[in-house]
Amino acid sequence: EVGTEIAEDLGILRNNVSAELTKLLRQHKIIKIKGRPVHFLVRNRIEELLQCELPEDKQEYESIDEVLSYGKKKTVPREENIEEEPSPFDDLIGSKTSLRIQVEQAKAAILYPPHGLHTLIVGQTGVGKSLFANMMFNYAKQAAPFMKSAPFIVFNCADYSNNPQLLLSHVFGHTKGAFTGADSDKKGLVEKADGGILFLDEIHRLPPEGQEMIFYFMDTGTYSRLGETERKHTANVLIIGATTEDPESSLLKTFIRRIPILIRMPSFEERPSKDKIEIMKFLLATEANRVQKPIKIDAEAMKALIGNTSYGNIGQLKSNIQLVCANGFLHCLNEDLITIDFKNLPSEIK
């Protein structure tokens, strides 16, 4: 019987199990399926599966078929009957709410005929621009036929911002003798990304001549390697750029005009409270999985961590959570649970 199983699993008395189940029924947390044996189901999980709400005043049902019948009664408009295929964006916290517009923009950019639209993702450091670009690529592989086996090439323009020549060589390639040290011909990232996506992070670090070469490539699909006088190479590449700067002041206007989709990612502070808590839960779960111990955190500590997250956004929150989890891990080495209390937080987080 269910009650006996629960009692044995939790190591508590059978009578206490009955009392707790009765309490959960009164609180509308579970429902009861009559019969032999009696079964109990978690109400909100069943409502999620059926995509409908069960009657608030009904806790007991004759059979599971009676419960399932509520799902069958649900009627939806014809256009909603078509189930949308799950997409990589579904894993993004806020994809259906606070980031819904950004997700719709991204999907449009990927699906627009014939080969998508070039996109610029704008947002402060740590808001998840790189993650979002990765999700766009994963969505492209799933939804755009031409992207099934496409490459995804990532380049951070800040890596060579002090050497524009080397930066352009990486992006477009060079010919032998194009500059000192160019001992042979070299393919660029544009060539490697042919048929796929080139993600240029910190794109505002591209020098003006690099931006001009990129927008000419966007216009014509042709480019030249460093050291060549003619644009004799062709490639079909969808460009996704990311920047922490205001595009109007950090990029050439002629360059911006050629990027039809501009996606602005909100800062952590601009996200709704529900998102902030979900992001924190996800980051804590990641740490719990890493140390193979459950983590318990009090409400005041959560508020402090959220309130301390400012310019660094989710990246900063992640670092702070790793810091407090490391401290908690140290103090709970011989325990099965890591506890994070407000009083034990570092003073700068308090």
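Above this text is the structure in question.
Q: Explanation requested: empty space enclosed by the protein in the structure shown.
A: Rolled over the atoms, a probe with the dimensions of a water molecule shows which regions are left empty. Within the structure shown, the criterion is met by one cavity of 30 Å³ or more. As for the largest cavity, its lining consists of F172, M213, Y216, T222, Y223, S224 and R231. Secondary structure elements with two or more residues in the lining of the largest cavity: α9 (208-220) and β9 (222-223).

Q: Teacher, can you tell me more about the packing of helix α12 (residues 273-291) against helix α13 (residues 299-307) here?
A: Each packed pair of helices is defined by two parameters, the angle between the axes and the distance between the axes. Contact geometry of α12 with α13 gives a least axis separation of 11 Å together with a crossing angle of 105 degrees. Judged by the inter-axis angle, α12 sits roughly perpendicular to α13. Across from K276, I277 and M280 in α12, the residues of α13 making contact are M302, L305 and I306.

Q: Hey, could you run me through helix α1 (residues 2-10) in this one?
A: Because an α-helix packs 3.6 residues into every turn, residues spaced three or four apart end up facing the same way. Listing the buried residues of α1 in full gives V2, G3 and A7. All buried residues of α1 lie within an arc of 135 degrees about the axis, which places them on one face of the element. Exposed residues lying more than 90 degrees from the buried face of α1 are E8 and D9. Buried-residue contacts for α1 involve α2 (14-26) and β2 (39-42). A positive backbone phi angle near 70 degrees is found at G11, which sits one or two residues after α1.

Q: Any chance you could explain the sheet that holds strand β11 (residues 238-243) here in plain terms?
A: Strand pairing in a sheet relies on backbone hydrogen bonds, with the paired strands running either antiparallel or parallel. The strand order across the open sheet built from five strands is β5-β8-β11-β4-β12, with neighbouring strands paired in parallel fashion. On the outer flanks of this sheet lie β5 (152-156) and β12 (261-264), each paired with one strand and no other. Going from strand to strand, the sheet's axes swing by 15 degrees on average, the running direction of each strand aside. Pairing analysis gives four bridges linking strand β4 (residues 119-122) to β11, with the strands arranged parallel. Along β11, the bridge assignment pairs T119 with I240.

Q: Sorry, what's going on with the packing of aromatic side chains here?
A: Any aromatic ring pair is given by two values, namely how distant the centres are and how the planes are angled relative to each other. Applying the stated criterion to the full structure yields seven aromatic pairs. Ring centres of F217 and Y223 lie 5.8 Å apart, and the angle between their planes is 85 degrees; on these two criteria the pair is classed as edge-to-face. Taken individually, F217 and Y223 each receive the classification buried, so the pair is uniform in this respect. Members of the aromatic cluster, connected to one another through ring pairs, are F89, F132 and Y139. A cation over an aromatic ring shows up here: K58 above the ring of Y61, its NZ or CZ 5.0 Å from the ring centre. Directly above the aromatic system of F342 lies the positively charged group of K350, at a separation of 5.7 Å from the ring centroid.

Q: Looking at this model, I keep getting lost on unusual backbone geometry. Mind explaining?
A: Apart from glycine, the bulk of residues carry a negative phi angle, and the bulk of peptide bonds sit in the trans form. Residue P113 is joined to P114 through a cis peptide bond whose omega torsion reads -5 degrees. Its place among the elements puts P114 in the loop between α5 (100-111) and β4. In this model, Q292 sits at a positive phi of 60 degrees, which is unusual for a non-glycine residue. In this model, N313 sits at a positive phi of 55 degrees, which is unusual for a non-glycine residue.

Q: So what exactly am I meant to see when it comes to a nonpolar patch on the surface here?
A: Together, F329, L330 and L333 give the surface a local cluster of nonpolar side chains, amounting to about 280 Å² of exposed area. Mapped onto the elements of the fold, F329 is located in helix α14 (residues 313-331).

Q: I tried to follow the sheet that holds β2 on my own but got confused; where do I start?
A: With mixed pairing, the three strands of this open sheet are ordered in space as β2-β1-β3. Of all the strands in the sheet, the pair left with one neighbour each is β2 and β3 (60-61). Inspection of the sheet shows strand β1 (residues 30-33) paired to β3 by two bridges, in the parallel sense. If you follow I33 over to β3, its bridge partner there is Y61. α2 rests against β1 and β2 of the sheet, and its axis sits at about 115 degrees to β1.

Q: I'm lost on the pattern of salt bridges in this one. Help?
A: Per the counting criterion, the structure on display carries 17 salt bridges. Across the pair R205 and E202 runs a salt bridge whose closest N-O atoms are separated by 3.5 Å. Linked through salt bridges whose partners overlap, the residues forming this network are K32, K34, E60 and E62.

Q: What exactly am I supposed to notice about the nonpolar core here?
A: Side chains that are nonpolar tend, in soluble globular proteins, to be buried together. One finds F172, V190, L198, L200, I214, V237 and F255 to be the most contacted residues of the largest nonpolar core, which totals 32 residues. For this core, the elements supplying multiple residues, two or more each, are β4, β5, α7 (164-172), α8 (189-192), β8 (197-201), α9 and α11 (253-256). Apart from residues no more than four positions distant in its own chain, F255 is found in contact with I203, Q211, I214, F215 and M218. Counting residues in hydrophobic clusters, the runner-up holds 28 residues, among them I110, A140, I197 and F199.

Q: What is the right way to read the packing of α12 against α14 from this model?
A: Orientation of α12 relative to α14, taken along the N-to-C sense of each, is 40 degrees, at an axis distance of 10 Å. Our classification of the angle between α12 and α14 gives oblique. For the pair α12 and α14, the crossing hand works out as right-handed. Two secondary-structure elements touch here, α12 through I279, M280, L283, L284, E287, R290 and V291 and α14 through I314, L317, K318, I321, Q322, C325 and F329. Broken down by class, the residue content of the contact of α12 with α14 amounts to 10 nonpolar, one polar and three charged.

Thresholds, definitions, all that
Residues numbered from 1 in each chain as written. Predicted model: local features only at pLDDT ≥ 70, side-chain atom pairs only at ≥ 80, totals over all residues. Heavy atoms only, no water. 1 Å grid on protein atoms, 1.4 Å probe; cavity = no way out; pocket = protein on both sides within 12 Å on 5 of 7 lines; lining within 4 Å. Points joined across faces, edges and corners; volume = space filled by probe spheres on them. Helix = DSSP H or I, 4+ residues; strand = E, 2+ residues; numbered from the N terminus. Axes fitted to C-alpha atoms, helices over the stretch in contact; angles between N-to-C directions. Parallel < 35°, antiparallel > 145°, perpendicular 65-115°, else oblique. Contact = heavy atoms within 4.5 Å. Buried < 20%, exposed > 50% of the residue type's maximum accessible area, 1.4 Å probe, protein only. Arc of directions from axis to C-beta. Pairing = 2+ DSSP bridges. Phe/Tyr/Trp six-rings, centres within 6.5 Å; stacked < 30°, edge-to-face > 60°. Lys NZ or Arg CZ within 6 Å of the ring centre and 35° of its normal. Patch = residues over 30% accessible without salt bridge, like charges linked within 9 Å, V, L, I, M, F, W, Y side chains within 5 Å. Areas by Shrake-Rupley, 256 points an atom, 1.4 Å probe, with all protein chains shown as cover. Salt bridge = Lys/Arg side-chain N within 4 Å of Asp/Glu carboxyl O. Core = buried A, V, L, I, M, F, W, Y, C linked by side-chain atoms within 4.5 Å. Left-handed = near helix turned anticlockwise from the far one by under 90°. Nonpolar A, V, L, I, M, F, W, Y, C, P; charged D, E, K, R; others polar.

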